[in-house]
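Residue strings, one per chain:
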Amino acid sequence: MIDYFGSPSNRELVLEQLTEHIYLALLPLLLGVLLALPLGRLAQQVRWLRGALQGTANVVYTIPSLALFVIIPGVLGTPLLSSVNVVIALTLYTAALLVGPVKDALDSVPVHIVAAATALGYRPARRFLTVELPLSVPVLAAAVRVASVSNISMVSVGALVGIGGLGRLFTDGFQRDYPEQIVIGIVLTLLLALVVDLLLVLLWRLATPWARAGVNAA
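Residues numbered from 1 in each chain as written. Predicted model: local features only at pLDDT ≥ 70, side-chain atom pairs only at ≥ 80, totals over all residues. Heavy atoms only, no water.

## Thoughts on the packing of helix H7 (residues 124–155) against helix H9 (residues 179–207)
To keep it simple, the criterion reads: Lines fitted to C-alpha atoms define the axes here, with helix axes fitted over just the stretch in contact, and angles between the N-to-C directions of these axes take values from 0 to 180 degrees. Starting at the N terminus, helices and strands are each numbered in turn, a helix being any DSSP run of H or I of at least four residues and a strand any DSSP run of E of at least two. Here the angle decides the label: under 35 degrees means roughly parallel, over 145 means roughly antiparallel, 65 to 115 means roughly perpendicular, and every other value means oblique. For a crossing to be left-handed, the near helix must be turned anticlockwise from the far one by less than a right angle; the clockwise case is right-handed. We call two residues contacting when some pair of their heavy atoms lies within 4.5 Å. All residues other than Ala, Val, Leu, Ile, Met, Phe, Trp, Tyr, Cys, Pro, Asp, Glu, Lys and Arg, Gly among them, are scored as polar; the first ten of these are nonpolar and the last four charged.
Contact geometry for H7 and H9: axes closest at 10 Å, N-to-C directions at 165°. Between H7 and H9, the interaxial angle falls into the category roughly antiparallel. Crossing of H7 against H9: the hand is right-handed. Together, Val-137, Pro-138, Ala-141, Val-144, Arg-145, Ser-148 and Ile-152 of H7 and Thr-189, Leu-192, Ala-193, Val-196, Asp-197, Leu-200, Val-201 and Trp-204 of H9 make up the contact between the two elements. Grouping the constituent residues of the contact of H7 with H9 by class yields eleven nonpolar, two polar and two charged.

This is how it looks when you write it as structure tokens:
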């Protein structure tokens, strides 16, 4: 592997594919969270929609990622090799994975706190953004961490249809019978998942200072 990184062109290739992998994994994660929040809230508030939303989310998540990468260009008319297809597919996967956890996280907020905020004059939108959502972060964070790892792994599948990312190191390595390149792709994918997970944990702790205060007090 040292010999591999000794080549400037190899280092440039790895950096380029790592950057694209980060973009293709984290942008859908952000978009998926933003999409799942209102859907999860709707599932929590409107009981008769819960089954339909959760059922739809389950169906979406069971569609093979490779099939979805191929279906989306046919539906939207985007080029087959466009990274937009991966972003849309992984956004759908992330939202589907998080709809249920968002509902569960909001349900975990103590009823008396919600009632107190309502009594203080908080309107539903303000109460959701400033009271319920912050208090649901500890429960929601675990699901977001799972979604991040899922996205990072599924981006690699895009290499099979010509999309960039660390998966390209796998496909090129197999085609060229270059095991070092395959190993580098695997190691970097694992390290990326670990780093993103640690960053999410750090972000969760920064977003919930009261949780740390409770632990220290105990």
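## Topic: the nonpolar core
As a reminder, the rule being used: Side-chain atoms within 4.5 Å are what join buried Ala, Val, Leu, Ile, Met, Phe, Trp, Tyr and Cys residues into a set we call a nonpolar core. A simple rule labels every residue: compare its accessible area, found with a 1.4 Å probe on the protein chains alone, to the largest value its type can have, and call it buried under 20%, exposed over 50%, or partly exposed in between.
Within the largest apolar cluster, 33 residues are counted, with the highest numbers of intra-cluster contacts made by Leu-98, Val-102 and Val-144. Going through the elements one at a time, helix H2 (8–45), helix H4 (65–76), helix H5 (83–107), H7 and H9 are the ones with two or more residues in this core. Judged by nonpolar contacts, the second largest core, of six residues, contains Leu-13, Val-14, Leu-166 and Ile-184.

## Topic: helix H3 (residues 47–62)
The following threshold applies: Given the number of residues in a helix, its expected span is that number minus one, multiplied by 1.5 Å. Working note: the arc is built from the helix axis to C-beta atom directions.
Taking 1.5 Å per residue as the helical rise, H3 with its 16 residues ought to reach 22 Å, and the 24 Å between its terminal C-alpha atoms agrees with that figure. Within H3 the residues assigned to the buried category are Leu-49, Leu-53 and Ala-57. One side of H3 carries all its buried residues, which in axial view fall inside an arc of 65°. Projecting away from the buried face of H3 at angles above 90 degrees are the exposed residues Trp-48, Gly-51, Val-59 and Thr-62. Packed against the buried residues of H3 are H2 and H5.

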